[in-house]
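Next come the chains, spelled out residue by residue.
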Amino acid sequence: QVQLVESGGGLVQAGGSLRLSCAASGRTFMYRMGWFRQAPGKEREFVATISGSGGSPFYAESVKGRFTIFRVNAKNTVYLQMNSLKPEDTAVYYCAAQPMALPRPEFAEGYDYWGQGTQVTVSS
């Protein structure tokens, strides 16, 4: 059983930065990992994903060039570095994991394991 725990959320002014962490219990060494977010009144949306080896990062257009996903497998942790934050980035951010290859890793339905989420609030 895999458990995911996110941390690092908080309140930040527009233009600021935050780094989210997702610590996994259990062996997630080669799992595909993803970050998703959900704003109030909106559906959960894809943010970024990374392969088990740490390659092939893939981003939503809305965060490309501002966010970076990376992982440290020795620590069973995946990170989301968020720079140049905007008020529209305000949401609960969720970490997700999937042991199998995903043809469409930007779809939330493909992930088996989810964290509880961490709140990110960006003030204008």
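This is a predicted model, so every value here is computed, not measured.

Participant: Would you explain the packing of aromatic side chains in this entry?
Facilitator: Ring pairs (aromatic) are described by centroid distance and by the angle formed between their planes. Within this structure, the stated rule accounts for seven aromatic pairs. Their ring planes at 75 degrees and their centres at 5.3 Å tell us that phenylalanine 36 and tyrosine 111 sit as a pair that is edge-to-face. Taken together, the residues span a long stretch of sequence, with phenylalanine 36 in strand β4 (residues 32-38) and tyrosine 111 in the loop between β9 (91-98) and β10 (113-114) at a distance of 75 residues. Taken as a pair, phenylalanine 36 and tyrosine 111 share a single burial class, namely buried. Taking 6.2 Å as the distance between ring centres and 65 degrees as the angle between the ring planes, the aromatic pair formed by tyrosine 111 and tryptophan 114 counts as edge-to-face. Judged by its relative accessible area of 27%, tryptophan 114 falls in the partly exposed class. Each residue in the set Phe36, Phe46, Phe58, Tyr111 and Trp114 is aromatic and connected to the rest through ring pairs, giving one cluster.

Participant: Would you take a moment to explain the state of the cysteines for this structure?
Facilitator: Cysteine pairs can be covalently joined through their sulfur atoms, and such a bond is termed a disulfide. The final tally for this structure, using the stated rule, is one disulfide. The disulfide bridge from cysteine 22 ends at cysteine 95, spanning 2.1 Å between sulfur atoms. Judged by the torsion about the S-S bond (-80 degrees), the cysteine 22/cysteine 95 disulfide is left-handed. One end of the pair, cysteine 22, is in strand β3 (residues 18-25); the other, cysteine 95, is in strand β9, with 73 residues separating them in the sequence. Per residue, the accessibility class of cysteine 22 equals that of cysteine 95, and both read buried.

Calculation criteria
Residues numbered from 1 in each chain as written. Predicted model: local features only at pLDDT ≥ 70, side-chain atom pairs only at ≥ 80, totals over all residues. Heavy atoms only, no water. Phe/Tyr/Trp six-rings, centres within 6.5 Å; stacked < 30°, edge-to-face > 60°. Helix = DSSP H or I, 4+ residues; strand = E, 2+ residues; numbered from the N terminus. Buried < 20%, exposed > 50% of the residue type's maximum accessible area, 1.4 Å probe, protein only. Disulfide = S-S within 2.5 Å.

Geometric descriptors of this kind do not, in isolation, establish any biological role.
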